[in-house]
Amino acid sequence: MAVDLVQAERHPSEFIIASHRGPYARHEDGGWTRRVNGVFGAMEPVMRNTGGTWVCWGLQGEEEATERHRLVVVDEEPRFRMHEVLLKPQEAKEFYEGFTTEALWPILFCFPSRLQFTPGLWDTYRMVNERFAQAIARMAAPRATVWIQDFHLMLLPALLRRLRPDLKLGFFLHTAFPPPDVFGILPWRDALLDGVLGCDLVGFHIPLYATNFARCCARYLGAVPHWEKGDCGGHALAPSLTCDRLTHGGRTVRLLALGIGASREDLDRLAADEATRAYAADLKARMGVEHLLLSAERLDYVKGPVERVRAIEALFEYHPEWIDRVTLLQVAVPSREGVPEFERLKDLTHQAVGELNSRLGTPTWRPIVNLGKTLPLQELVGLYLAADICLVTPLRDGMNLVAKEYALCREDGAVVLSEFAGAAFDLPGAIQVNPFSPAHVAEGIHKALTLRARERRQRFRSMRRTSRTRDLTWWRTTFLRELARI
Ligand code: GDG
């Protein structure tokens, strides 16, 4: 796919997506590549298909302008517009590496011990949300639809409603959402919740996050949720009460649990491609093991990369029969580079992999092969095709698209999946494990390795069916249909 961004005049838009960054990053030779991230990766095909304007921030260069407007041309066809609110490097650092990474990220994923308070960052967060609101208010056509993405822009809905009450506003949170005791640690909790409630429709991946959000709004803002009995069935992520709307300040805000799906458009084409299949077969042969395990993710503490190494160690300790027969290929895409906490995590992961490989490895076999880089999408699909088992063990995850992409691309296989990833709610055919316990994950892997073919195929069929029917197009059309009905 060839992408080019060309300077263009600003244009009123009927459909706007707002997310903190755009889907493409410029590389040294002046070309554009897609950013590897669940949110941008998912919204890019959405915009390619719907058209409209994508509003995000960009870095302000030497030029004086504070905003930049461009046309995105994909394979020589203009597809959508991109409007950048330009931030000075220090503002971008305070907004992204600062407030959203230090304060919001750990709280939303329930890691309060990682929260940091740096004075002044909240003001930058508010300022960036205000700049987005002003830009969108200027360019939205009358009664346009604006779909705001994720926690970087939690204040935007209320700010925008004040400036443009005619707009239809939707918000989707791609992360998890914690219970009130954890969210309440944020000193800015009221403003953040009030900001999101500026919307007509708020989407979450699974009912539990909507329930947690409603409980926070009730406790901290006095909002009134409309509760219904949930069907928890003992699952870690299923709430006993669910909420599909709440009332606050004389308005009713709808809540929707809608798990994001993978993009079939790109994956089907690549999985059917002869070159991808040949790459997969060659890779499997070169690895020279009976069973290839795969994990692929951004390097992030919520994904539990070190805990996963411990689980592989436990597998060989409790089931030494797998030594020399199983290898984990671990793709760790660099993320938030330069942020000290994430740099430390990279070192810890390398160290853990290195120690395990030197203790158990042989001249011809390694327990773990670690790739610390972004692979082209075709290679990633090749790995999906080559791997007998996909290992998805985040300590917590909003959804996790890798599990769904693996199930979508193949006819058979197995997924070992953290019970704390939203995907566990959507994919009951996966072997569910507790990622905090290396022994439990090890048993899950052993189970996947020894499943009878009939049970394995049955489990896989249900995951494949869900991943193919509830794909990205289904998710986008369902959300926008619900928003249009309000
Ligand atoms: C958030 C939430 C939620 C991975 N390695 C490579 C590569 N990838 C692609 C996969 C997949 C995406 O990155 C990662 O998806 P996740 O679902 O793990 O997303 P996060 O970045 O954590 O983002 C998450 C998601 O938003 C969507 O709502 O599911 O819970 O945290 O699509 O294919 N892509 C390429 N090379 C790689 O090496 N090209």
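Residues numbered from 1 in each chain as written. Predicted model: local features only at pLDDT ≥ 70, side-chain atom pairs only at ≥ 80, totals over all residues. Heavy atoms only, no water.

Colleague: An account of the pairing of strand E5 (residues 53–59) is needed here, citing residue identities and associated values.
Modeller: With respect to burial, E5 is a largely interior element, six of its seven residues being buried. With seven bridges joining them, E5 and strand E7 (residues 77–87) adopt parallel strand pairing. Residue Gly58 lies in a different strand from E7, and its bridge partner there is Leu86. (Buried < 20%, exposed > 50% of the residue type's maximum accessible area, 1.4 Å probe, protein only. Helix = DSSP H or I, 4+ residues; strand = E, 2+ residues; numbered from the N terminus. Pairing = 2+ DSSP bridges.)

Colleague: Would you mind going over the site of the ligand in detail, with residue names and values included?
Modeller: Neighbouring residues of the ligand: 24 residues in total, closest His174, Leu375, Asp397, Leu401 and Glu405. One of the side-chain nitrogen or oxygen atoms of Lys303 is found 2.8 Å away from an oxygen atom of the ligand. One of the backbone nitrogen or oxygen atoms of Gly398 is found 2.9 Å away from an oxygen atom of the ligand. Look at the ligand: alone it shows 740 Å² of surface, and the protein chains cover 93% of it. Contributing elements (two or more residues each) for the shell around the ligand: helix H1 (38–50), strand E15 (326–333), helix H12 (377–386) and helix H13 (401–409). For the shell around the ligand, the residue count by class is 13 nonpolar, seven polar and four charged. (Near = heavy atom within 4 Å. Polar contact = N/O pair within 3.5 Å; in protein donor to acceptor, adjacent residues only side chain to side chain. Areas by Shrake-Rupley, 256 points an atom, 1.4 Å probe, with all protein chains shown as cover. Nonpolar A, V, L, I, M, F, W, Y, C, P; charged D, E, K, R; others polar.)

Colleague: Give a description of the environment of Leu155 that names residues and reports values.
Modeller: Counting through the fold element by element, Leu155 comes out in the loop between strand E8 (140–149) and helix H4 (156–163). Residue classification places Leu155 among the buried positions, given a relative accessible area of 8%. Once residues within four sequence positions are removed from consideration, Leu155 is found in contact with Trp122, Tyr125, Arg126, Asn129, Ala191, Leu192 and Gly195. (Contact = heavy atoms within 4.5 Å.)

Colleague: Provide a residue-level description of the environment of Phe172, including the pertinent values.
Modeller: Along the polypeptide, Phe172 turns up in strand E9 (residues 168–172). Separated by 186 residues in sequence, Phe172 and Ser358 have C-alpha atoms that sit 44 Å apart.

Colleague: Would you mind going over the domain arrangement of the protein in detail, with residue names and values included?
Modeller: Per the domain assignment, the segments making up the protein are domain 1 (3–260 + 473–485) and domain 2 (264–469). Averaged C-alpha coordinates put domain 1 and domain 2 at centres separated by 29 Å. Taken together, the contact pairs 32 residues of domain 1 with 29 residues of domain 2. With both chains or domains summed, domain 1 and domain 2 bury close to 2,500 Å², and 61% of this area falls on carbon and sulfur atoms. Connecting domain 1 to domain 2 are four salt bridges. For Glu265, the salt bridge goes to Arg48, with nearest N and O atoms at 3.5 Å. If you look at where domain 1 meets domain 2, you find 11 residue pairs in polar contact (both at pLDDT 80 or more). Broken down by secondary-structure element, the contributors of at least two residues to the side of domain 1 that touches domain 2 are H1, helix H2 (89–108) and helix H7 (207–221). Tallying contributions element by element places H2 first for the side of domain 1 that touches domain 2, with five residues. (Domains from an automatic or database assignment. Buried area = accessible area lost by both parts, 1.4 Å probe. Salt bridge = Lys/Arg side-chain N within 4 Å of Asp/Glu carboxyl O.)

Colleague: Tell me about the packing of aromatic side chains, residues and numbers included.
Modeller: For the structure shown, the criterion picks out 24 aromatic pairs. Seen in terms of ring centroids, Phe172 and Trp475 are 5.0 Å apart; in terms of plane orientation they differ by 85 degrees. Their pairing is edge-to-face. Taken together, the residues Phe172 in strand E9 and Trp475 in helix H17 (residues 472–484) connect sequence positions 303 residues apart. Comparing Phe172 with Trp475, the two get one shared label, buried. Ring pairs connect the aromatic residues Phe95, Phe99, Phe117, Trp122, Tyr125 and Trp188, which therefore count as one cluster. Here the basic side chain of Arg114 rests over the ring of Tyr301, its NZ or CZ set 4.0 Å away from the ring centre. (Phe/Tyr/Trp six-rings, centres within 6.5 Å; stacked < 30°, edge-to-face > 60°. Lys NZ or Arg CZ within 6 Å of the ring centre and 35° of its normal.)

Colleague: Any chance you could break down the sheet that holds strand E19 (residues 431–433) for me, citing the residues and the numbers?
Modeller: Reading across from one edge, E16-E15-E14-E17-E18-E19 is the order of the six strands in this open sheet, with parallel pairing throughout. Either end of the sheet is taken by a strand with one partner, and the two such strands are strand E16 (368–371) and E19. Direction aside, neighbouring strands of the sheet carry axes that sit 20 degrees apart on average. Two strands pair when backbone bridges link them, and strand E14 (residues 291–298) and E15 are joined in this way by eight bridges, in the parallel orientation. Bridged to His291 within E15 is Val326. Its contacts with the sheet place helix H11 (residues 340–360) against E15 and E16, and it is angled at close to 150 degrees to E16. (Axes fitted to C-alpha atoms, helices over the stretch in contact; angles between N-to-C directions.)

Colleague: So, the packing of helix H10 (residues 305–318) against H11: which residues are in play, and what are the values?
Modeller: Geometrically, a packed helix pair is captured by the angle between its two axes and the distance between the axes. Their axes nearest at 9 Å, the elements H10 and H11 cross at an angle of 15 degrees. Put simply, H10 runs roughly parallel to H11. Remark: the crossing between H10 and H11 carries left-handed chirality. Contacts from Pro305, Val306, Val309, Arg310, Ile312, Glu313 and Phe316 of H10 reach H11 at Leu345, Leu348, Thr349, Ala352, Val353, Leu356, Arg359 and Leu360. The residue inventory of the contact of H10 with H11, partitioned by class, reads 11 nonpolar, one polar and three charged. (Parallel < 35°, antiparallel > 145°, perpendicular 65-115°, else oblique. Left-handed = near helix turned anticlockwise from the far one by under 90°.)

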